[in-house]
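# Remarks on the overall topology
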Amino acid sequence: MFVVGGESLVDLVPAKPGPAAERQPVAGGSPFNCAIALAKLGNQTGFLCPISTDDFGDMLLAPLAAAGVKVLIENRVDAPTTKAIVTFNEKMQASYEFERGAERAFTRDGLVSALPGGVSLLQLGGFVPIEPDDAAAWLAVANQAIAGGATMSMDINVRPLLVNDEATYRRQLSQLLDLAHVIKLSDEDHEWLEPGMSLEEHARRLLARPNCELVVITLGEAGSLAFTSGATARAPIYAPPVFVDTVGAGDSLMAGVLTALSEKQALRPGTLGALGVADLEDVLRFGAVVAGINCGRKGCQPPTRAEVDAVLGK
């Protein structure tokens with residue numbers, strides 16, 4: 001089973017352009033989106049996150065159930081669902097303000113005990129490294145999963161508006177990155193974390209961490225890059241027939257990359273780092289198609305495997 005850990009929330013999205021536009025709730029959250037995308041691509045997937053008893057909690061459970069994602073924390077919590085207030089720029093790229101709630105209503109022991117046996121992949125990201133108690137709990141989950149034989153992947157996905165103590169955040173993020181075998185970040189993450197450093201140097205430094213064998217960097221409209229210690233590859237975006245917005249594009253791409261790696265029997269330590277240029281290009285291309293199809297829809301609506309295969313001509 002693939003297990004995705006991290007936040008779920010409700011995006012409050014403008015119903016139409018304009019600063020005073022009425023907002024409509026849409027289920028979201030980077031790990032939430034990734035879990036759904038993984039399941040729709042045919043992977044057995046569990047989601048590790050508390051869900052509120054409020055109406056927004058019901059809204060979150062519906063797409064998880066529709067995609068076939070197993071909710072690993074069965075008892076719902078009284079804390080209100082976390083909310084993200086979404087705005088778009090002229091390119092329909094999203095930015096967020098957050099009101100956190102139910103996705104933090106856990107304990108370290110509760111998370112660890114909810115982790116099932118037989119986890120082949122643990123994917124973490126988003127809000128996981130931000131708060132000290134949360135980060136410590138997720139570190140315990142990561143160590144437990146890795147001890148059981150899981151590969152760990154990390155989508156950095158920096159949220160600067162939520163980072164009140166940058167030094168603490170960087171330390172906690174670094175501890176998680178030291179455990180990860182696959183690390184994904186965007187060019188925006190890169191600029192916040194390592195301003196002035198080249199992408200290549202940043203990737204090299206990540207690959208020098210204890211476990212990391214593969215780094216994926218997304219570049220928006222310029223496509224994506226993949227780095228191992230011995231190979232570098234690049235792939236363009238897949239542009240859908242009609243572009244709508246970028247909500248969930250990075251999450252969908254991550255799910256596509258992990259799926260492609262799994263199908264190449266490469267999603268395990270010792271094998272990831274041996275991938276050559278052609279295999280890395282295949283992986284990035286698959287991820288780009290998953291992300292591109294999603295960008296042709298309003299909000300995060302990842303494609304099914306059949307939709308991806310239709311674009312790839314399989």
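As a starting point, this report considers the structure included with it. Note that the structure is a prediction, hence the values are computed from the model and not measured.

All right, on to the side chain of Ser-153 then. Residue placement: Ser-153 occurs in strand E9 (residues 151-155). Judged by relative accessible area, Ser-153 falls into the buried class, the value being 0%. Of the polar contacts made by the side chain of Ser-153, one reaches the side chain of Gln-123; its length is 2.4 Å. Beyond its immediate chain neighbours, meaning those up to four positions away, Ser-153 contacts Leu-121, Leu-122, Gln-123, Leu-124, Val-182, Met-254 and Leu-258.

What follows is about the side chain of Asp-134. Here Asp-134 is to be found in helix H4 (residues 132-147). The contacts of Asp-134, once residues within four sequence positions are left out, are Arg-100, Arg-104, Phe-106 and Val-128.

For any two aromatic rings, the description comes down to two numbers: the centre-to-centre distance and the angle of the planes. Here the structure, examined in full by the defined rule, presents four aromatic pairs. Between Phe-32 and Phe-47, the aromatic rings sit 6.0 Å apart at their centres with planes inclined by 75°, giving edge-to-face as the arrangement. Of this pair, Phe-32 sits in helix H1 (residues 30-40) while Phe-47 sits in strand E4 (residues 45-48), placing them 15 residues apart in sequence. Relative accessible area serves as the criterion here: at 1%, Phe-32 is assigned to the buried category. Ring centres of Tyr-169 and Trp-192 lie 5.8 Å apart, and the angle between their planes is 80°; this geometry places the pair in the edge-to-face category. Linking Tyr-169 in helix H5 (residues 166-177) with Trp-192 in helix H6 (residues 187-193), this pair joins segments that are 23 residues apart in sequence. Note on Trp-192: relative accessible area 23%, which makes it partly exposed.

This paragraph deals with the state of the cysteines. Evaluation of the coordinates by the stated rule reveals zero disulfides. Not part of a disulfide, Cys-295 finds its nearest cysteine sulfur in Cys-300, a span of 9.3 Å. Distance from the sulfur of Cys-300, which forms no disulfide, to the nearest cysteine sulfur (Cys-34) is 9.2 Å.

Running from N to C, helix H9 (residues 277-295) and helix H10 (residues 305-312) cross one another at 115°; their axes reach a closest spacing of 10 Å. Classified by the angle their axes make, H9 and H10 are roughly perpendicular. In this structure, H9 meets H10 at a crossing whose hand is right-handed. Mapping the contact onto sequence places Arg-285, Phe-286, Val-289, Val-290 and Ile-293 in H9 and Arg-305, Glu-307, Val-308, Val-311 and Leu-312 in H10. Within the contact of H9 with H10, the residues separate by chemical class into seven nonpolar, no polar and three charged.

With five of its five residues buried, strand E8 (residues 121-125) lies for the most part within the structure. Neither face of E8 is exposed, since Leu-121, Gln-123 and Gly-125 on one face and Leu-122 and Leu-124 on the opposite face are all buried. Pairing analysis gives four bridges linking strand E1 (residues 2-5) to E8, with the strands arranged parallel. Residue pairing for E8: Val-4 is matched across the bridge by Gln-123. Across five bridges, E8 lies against E9 in parallel orientation. Bridging from a neighbouring strand, Leu-124 pairs with Met-154 of E9. Crossover E8 to E9 through H4 is right-handed.

Reading the values: rules and limits
Residues numbered from 1 in each chain as written. Predicted model: local features only at pLDDT ≥ 70, side-chain atom pairs only at ≥ 80, totals over all residues. Heavy atoms only, no water. Helix = DSSP H or I, 4+ residues; strand = E, 2+ residues; numbered from the N terminus. Buried < 20%, exposed > 50% of the residue type's maximum accessible area, 1.4 Å probe, protein only. Polar contact = N/O pair within 3.5 Å; in protein donor to acceptor, adjacent residues only side chain to side chain. Contact = heavy atoms within 4.5 Å. Phe/Tyr/Trp six-rings, centres within 6.5 Å; stacked < 30°, edge-to-face > 60°. Disulfide = S-S within 2.5 Å. Axes fitted to C-alpha atoms, helices over the stretch in contact; angles between N-to-C directions. Parallel < 35°, antiparallel > 145°, perpendicular 65-115°, else oblique. Left-handed = near helix turned anticlockwise from the far one by under 90°. Nonpolar A, V, L, I, M, F, W, Y, C, P; charged D, E, K, R; others polar. Pairing = 2+ DSSP bridges. Right-handed = clockwise from strand over helix to strand, strands pointing away.

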